[in-house]
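What follows is the residue order along each chain.
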Amino acid sequence: MLLLHCPYCGPRWEQEFQCRGEAHIARPEPAAEASDATWAAYLYLRSNPKGLHYERWQHTHGCRRWFNVLRSTLTHEIVAIYRPGEPKPELKR
Amino acid sequence: MSSQPFRLATGGRIDRQRALCFRFDGQVYWGHPGDTLASALLANGVRLVGRSFKYHRPRGILAAGVEEPNALVRLGEGARAEPNTRATQVELFDGLVAESQNRWPSLAFDAGQAGDLLSALLPVGFYYKTFMRPKGWWERYERLIRQAAGMGRAPQGADPDRYAKMHAHCDVLVVGAGPAGIAAALAAGQRGARVVLADEQAELGGGLLAAASLIDGQSAGDWLALALATLRAMDQVRLLPRTTAFGYYDHNFLGLVERVSDHLAAPPAHLPRHRLWKLRARQVVLATGALERPLVFADNDRPGVMLAGAAATYATRYGVRSGKRAVLFTNNSEAYGAAIALADAGVQLTAIVDAREDVRDDWAARARERGIRLLAGQAVVAVEGRRQVAGVRAMRLGPGADQVTGLPARLECDLLMMSGGYSPTLHLYAQSGGRLVWDPLRACQLPGEARQAVHVAGAARGSLELAQALVEGTAAGAQAAAECGFAGALPEAPQAEPAPAAASLRPLWLVPLSQSSGGKRFVDLQNDVTAADLMLATREGYRAIEHVKRYTTAGLGTDQGKTGNINTLAIVAQKLSADIAGLGHTTYRPPYTPVSFAALAGQDRAPLHEPVRRTGMQGWHEERGAEFEPVGQWRRPHHYPRPGESMHEAVARECLAVRQAVGVVDASTLGKIDIQGPDSPKVLNWVYTNAWDRLPIGRCRYGLMLNEEGMVFDDGVTARLDQHHFHMTTTSGGASTVMNWLEEWLQTEWLNWRVRFTSVTEQWAVAAIAGPSSRALLKDLAENLDLSDEALPFMGVSEGRVAGLPARVFRIGYTGAQSYEINVAASHGMALWLALLAAGEKYGITPFGTEAMHVLRAEVGFIAVGHETDGTVTPDDLGLARLCKTSQDFLGRRGLARPALRAERKQLVGLLTDHPKTVLPMGGQVIDRAELRPPHPSLGHVTSSYWSAHLGRSIALALIKGGRARQGERVWVTNDGGLAPATIAPARFLAPAEAAR
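Residues numbered from 1 in each chain as written. Chains lettered and ligands numbered in written order. Predicted model: local features only at pLDDT ≥ 70, side-chain atom pairs only at ≥ 80, totals over all residues. Heavy atoms only, no water.

Visitor: Any details on the overall build of chain A? Residues and values, ideally.
Guide: Along chain A, the regular secondary structure elements total one helix and six strands. Scanning chain A from its N terminus toward the C terminus, one meets helices and strands in the order β-β-β-α-β-β-β. Referenced to the eigenvectors of the C-alpha coordinate spread, the extents of chain A come out at roughly 40 × 30 × 20 Å. Scored against the burial criterion, the 93 residues of chain A give a buried share of 38%. For chain A, restricting intrachain contacts to residue pairs at least 6 apart in sequence, the fraction spanning at least 24 positions comes to 46%. Measuring between centres, the 13 positive side-chain charges of chain A sit 5 Å from its 10 negative side-chain charges. (Helix = DSSP H or I, 4+ residues; strand = E, 2+ residues; numbered from the N terminus. Buried < 20%, exposed > 50% of the residue type's maximum accessible area, 1.4 Å probe, protein only. Contact = heavy atoms within 4.5 Å. Lys, Arg positive; Asp, Glu negative; His and termini not counted. Charge placed at Lys NZ, Arg CZ, Asp CG, Glu CD.)

Visitor: Requested: an account of the domain arrangement of chain B, with residues and values cited.
Guide: Residues and elements named next belong to chain B. Per the domain assignment, the segments of chain B are domain 1 (1–156), domain 2 (163–290 + 424–483), domain 3 (294–420), domain 4 (517–585), domain 5 (671–762) and domain 6 (857–885 + 902–996). On the domain 2 side, the residues contacting the seven residues of domain 1 number twelve residues. Here domain 1 meets domain 2 over a buried area of about 780 Å², counting both sides, of which 41% is carbon and sulfur. Contact with domain 2 buries surface across domain 1, with Arg13, Glu91 and Phe93 losing the most and accounting together for 68% of the total. Between Arg273 and Glu82 there is a salt bridge, with the nearest N and O atoms lying 2.3 Å from each other. Summed over the shared surface of domain 1 and domain 2, the result is three residue pairs in polar contact (both at pLDDT 80 or more). Across the side of domain 1 that touches domain 2, the residue classes break down as two nonpolar, one polar and four charged. (Domains from an automatic or database assignment. Buried area = accessible area lost by both parts, 1.4 Å probe. Salt bridge = Lys/Arg side-chain N within 4 Å of Asp/Glu carboxyl O. Polar contact = N/O pair within 3.5 Å; in protein donor to acceptor, adjacent residues only side chain to side chain. Nonpolar A, V, L, I, M, F, W, Y, C, P; charged D, E, K, R; others polar.)

Visitor: Now, about the sheet that holds strand S38 (residues 756–759) of chain B: what can you tell me, with residues and values included?
Guide: Residues and elements named next belong to chain B. Read from one edge to the other, the open sheet built from five strands follows the order S35-S36-S37-S34-S38, with strand pairing classed as antiparallel. Two strands close off the open sheet at either side, each with one partner strand: strand S35 (700–706) and S38. Neighbour to neighbour, the strand axes of the sheet diverge by 25 degrees on average, direction disregarded. Relative to strand S36 (residues 712–722), S35 runs antiparallel, the two sharing seven bridges. Across the sheet, the residue bridging to Arg701 is Thr718, located in S36. (Pairing = 2+ DSSP bridges. Axes fitted to C-alpha atoms, helices over the stretch in contact; angles between N-to-C directions.)

Visitor: How would you summarise the pairing of strand S27 (residues 444–447) of chain B if you had to cite specific residues and measurements?
Guide: Residues and elements named next belong to chain B. One ladder, built from four bridges, connects strand S26 (residues 436–439) with S27; its direction is antiparallel. Paired with Leu436 across the bridge in S27 is Pro447. The hairpin formed by S26 and S27 contains four residues between the paired strands, and Ala443 there has a positive phi angle of roughly 50 degrees.

Visitor: Explain the environment of B:Ala220 residue by residue, including any values.
Guide: Within the element layout of this structure, B:Ala220 appears in helix H6 (residues 220–233). Other than its neighbours up to four places away in sequence, B:Ala220 contacts B:Leu208, B:Ala211, B:Ser213 and B:Ile215.

Visitor: Report on the interface of chain A and chain B, specifying residues and quantitative values.
Guide: In this assembly, 29 residues from chain A lie in contact with 29 residues from chain B. When the buried area of chain A at its contact with chain B is split by residue, A:Met1, A:Arg27 and A:Trp66 rank highest and sum to 25% of it. On inspection of chain A and its partner chain B, the count reaches five salt bridges. Across the pair A:Arg27 and B:Asp889 runs a salt bridge, and its minimum N-O distance is 2.9 Å. Taken together, the links from chain A to chain B amount to 20 residue pairs in polar contact (both at pLDDT 80 or more). Taken together, the elements giving at least two residues each to the side of chain A that touches chain B come down to helix H1 (36–44) and strand S4 (52–58) of chain A.

Visitor: Quick one: what's the story with the nonpolar core, residue by residue and with numbers?
Guide: All names here are of chain B. In terms of nonpolar packing, the biggest core is built from 89 residues, with Phe24, Leu37, Phe297, Tyr314, Phe329 and Leu342 touching the most fellow members. Leaving out residues up to four positions away in the same chain, Leu342 has contacts with Ala311, Ala312, Ala315, Ala326, Val347, Leu349, Leu415 and Met417. Membership of the second largest hydrophobic core comes to 37 residues, among which are Ala180, Ile215, Ala220 and Ala496. (Core = buried A, V, L, I, M, F, W, Y, C linked by side-chain atoms within 4.5 Å.)

Visitor: Mind laying out the packing of helix H12 (residues 531–539) of chain B against helix H14 (residues 565–575) of chain B, listing which residues take part and the relevant values?
Guide: Packed helices, taken two at a time, are described by the angle between their axes plus the distance between the axes. All names here are of chain B. Orientation of H12 relative to H14, taken along the N-to-C sense of each, is 45 degrees, at an axis distance of 10 Å. Put simply, H12 runs oblique to H14. Note on packing geometry: the crossing formed by H12 with H14 is right-handed. Residue-level inspection shows Ala531, Leu534, Met535 and Thr538 of H12 in contact with H14, the latter providing Thr568, Ile571, Val572 and Lys575. (Parallel < 35°, antiparallel > 145°, perpendicular 65-115°, else oblique. Left-handed = near helix turned anticlockwise from the far one by under 90°.)

Visitor: So what's going on with the pairing of strand S5 (residues 72–75) of chain B? Residues and values would help.
Guide: Residue and element names in this part refer to chain B. The alternating pattern of S5 places Leu72 and Arg74 and Val73 and Leu75 on opposite faces, both of which are buried. As defined by bridge partners, S5 adjoins strand S6 (residues 82–86) across three bridges and the pair is classed as antiparallel. Within the sheet, the bridge partner assigned to Leu72 lies in S6 and is Arg86. Following S5, the chain reverses through six residues before pairing antiparallel with S6; Gly76 in that reversal takes a positive phi of roughly 80 degrees. With three bridges connecting them, S5 and strand S7 (residues 96–100) associate as antiparallel partners. Residue Leu75 lies in a different strand from S7, and its bridge partner there is Ala98.

Visitor: Explain helix H22 (residues 829–840) of chain B to me, using residue names and the numbers behind them.
Guide: Relative to the 16 Å expected for twelve residues at 1.5 Å per residue, H22(B) spans 16 Å between its end C-alpha atoms, a close match to the ideal helical length. Regarding H22(B), the residues found buried are B:Gly829, B:Leu832, B:Trp833, B:Ala835, B:Leu836, B:Leu837, B:Ala839 and B:Gly840. (Expected span 1.5 Å × (residues − 1).)

Visitor: Talk me through the environment of B:His547; I want residue IDs and the actual numbers.
Guide: Turning to its location among the elements, B:His547 is positioned in helix H13 (residues 545–552). In the structure, B:His547 is positioned 39 residues away from B:Thr586 in sequence and 9.2 Å away in space, judged by C-alpha atoms.

Visitor: Please give an account of the state of the cysteines that cites residues and values.
Guide: According to the stated counting rule, one finds zero disulfides over all chains in the structure shown. Not part of a disulfide, A:Cys19 finds its nearest cysteine sulfur in A:Cys6, a span of 14 Å. Classification of A:Cys19 by relative accessible area gives partly exposed; the value is 39%. Distance from the sulfur of B:Cys484, which forms no disulfide, to the nearest cysteine sulfur (B:Cys170) is 8.3 Å. (Disulfide = S-S within 2.5 Å.)

Visitor: Could you give an account of the pattern of salt bridges, with specific residues and numbers?
Guide: Residue and element names in this part refer to chain B. Tallied over the full model, the rule gives 51 salt bridges over all chains. When the shortest N-O distance is used, the salt bridge between Asp161 and Arg80 registers 2.8 Å. Pair noted here: Asp161 is in the loop between helix H4 (138–148) and strand S8 (163–175) and Arg80 is in the loop between S5 and S6, with a separation of 81 residues, a long-range link. On the accessibility criterion, Asp161 (13% relative accessible area) is buried. Overall, Arg80 belongs to the partly exposed group, its relative accessible area being 48%. Residues participating in the shared-partner salt-bridge network are Arg57, Arg59, Asp299, Asp301, Arg302 and Asp528.

Right, here's the structure in full:
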């Protein structure tokens, strides 16, 4: 049961949120010119890492806002939380 | 009061002044406040308390706490009965009723013990071996096996009790109120941290409740009382007795269950039975203690074979002798303390059988002082007596502990205490993600690297000595508080007298069988798993401990191997000649002990399980006796039966009313989203397949929504109320999906668009009137509302008053009849509904439900999302390609051009059965031949199918491969075990009324 810091509401427990999958999946534009492979990748290919994962969450049972989370899929450590449009935090090596 | 023959005259924490009457297997016994069911049974000389799971062997009480694998009883009666309750953890109360399990016809004579004799037929993995043939017979075997094996019976009837939930936060959660836990809570509390101290027992104190040592110059009991008083006096400290921390989840979130009133003979009505605590702790201190391990020797499961520490606990805490003459079989020195405690309580100690050679430490000296005979370098190889230990035999243990030699010595006893060492209770630690490391010296797992904010203190990290536990607890509590920001002077640890010096233990995982004895050596008593089973598994090739666990069932069941897991691990490692450390360990999963479903559900059950959404007219539907169907969280009227009317008759009547006169349906459940802002048309252009820029104000348009794969997921009509203001409707079940879809794009991709979405589903009540008389009816009730075709054409929207209520009227419909959807404020819903019914009487107005609505829409070929679509259907499949704009992009457009969609697709068509009265089953498979001869390549399936009273025949919609080009072809549809012939037809059986085109 994660404790997530909604950038708008503060720390709330996981049940108020929904995980909305990997973040930073850009829609190929113009879509009509995207190759089949490009479109398939946009639809289906996800990084699914063991470790740090950029993902989108929505505070469904709260402010209903979407935001981004950098989370370890291994330890559930939350490394960063940032709003859509804000730059993706770089991973320190 | 009948006598309690095994009760000591003095000592213990029981109240001898009061007697409690209880029944076990119908027999009346007496005990005292402070007793557990187990201690009271032992006091009464009841040794046989259950039958084992697989072999139905007689079993007695093994332990004094949570780890008890044998004494599982059915507690209580009727709907309150609870199976598999550990008698060692049941507080005795007056009138308690308990029953043994797994026995037939009686505990003393059990017909199933034949299973013991037939055990050759029940080898490990017998599920996978013995009963696989002949094919199809498993169902027969299963019934017999389930009857013979098993763990108790579930209660009948609904649970009459109430269960509560509590959400809480604290700085420091201390789990376990033994010496380390109390010291930790004191230290953290003194620093000012908000502390929760939870312990599964009724009395806080853990090992202190049976300890004889001095702490800070006081007796352990006096020190405990003072410490608890100190804790109680701290406002920010909460003590939770009878509370098991059963799960340690992410980010220091723990689940605890508090047994609030299980121990009360007559619980007051205001108390819940259990309370589930969902606790988030900034820091956790695990002072969870250690569990003593049994030794594995022949017939180590006989009633009267008991963990040494348990026998000591019964003597010192409960004032009960677990036998008259005892033998201790041990591989460590700490267990000597138990033998000495029993000797001091007046039990005759026949001998101590110690696996170690030549023990010369303080403990051995103390035993010798009491004149106890010491058999060093020996092991118990046989237990006499079936239902009760009658004596044991010991032999010399070879140097490798792989054989026993010499002549057996017979030792007279009725109690065999055993101790194979101690396993720190690290279930919660492992659940938290902490690593466990094998310590070969102490022969146990110890906490390794932690993953969460957790500290481990006392016996849980292998520190068995009281003095050390107090020091570690104080340090852990102080540190946990400091990490929450509560600094200050380091609290002084309570001082306990040092423990006697102890020689190290000799690992003895499996006592060799003597040539004469034989017998089963049990590793997991609850699941009847023996050392032979483990060896067989390794011979059959099992290597991974997780596989061995599942194959042999060692460590399964309600106790999850609390006493057996380490022995299992060690024996498997021995057989594989592997390092125990290298074998790892099985995964510790919550819950630590079983938690009732009722506690987890709390009050979220029956109507509170999921909220029911009600429309403004719901009360009328209920009063009218409508049959309801769930649609999302709504309960929509399915049909309104008149007295004596069948469902089919009601639906037919409702349908005909719409086609011939006028019907009214509660359409309030349709999803409604208010869209405002200059970028609204842009949003609609993206989320719908068709174009929205040129939609005039006051007009509506139908739209399909696709996901990015190109599949239809919702549809609905959206109206333009103003230049920058739209009213979108969605399906009843899809409203939240659509709202989320819009928000997702707006918030994550269209960041700067000037548009806002507001869900207004519950702000509007909607009554839709449909049928040739709908306009006349509306005219009677309308004010400031021009209903002419010019002012309010088909697919138009107007505002005015209906029945005096401010209303928004859409001339749209789903039935193909002329219809109007009248939207009023939700609070006006019932007034509108009643006004329509009253004014409609002269037109023959008929309320209709969702079933009639579906028949009517299917007659005119309108799709229903969820019937004609299932997430794999495109607009073209539905014959709606014309709704897809070609000029610009929209969500899902590129998805439609995927190669996977270029093959022949299933297309929406109508089906007319040869026999007009045959109504095809929805979901029926369509094939191209008249006989059932597998394999049948499927052409498609029926998506909607109804009896049309208006047409006097059945109608069906189906998705069929290349269907549009197969008009007129004959197909066959699976129907009630056979096939129904039908002909492919256009997906529209009736043209919509002139006024609804």
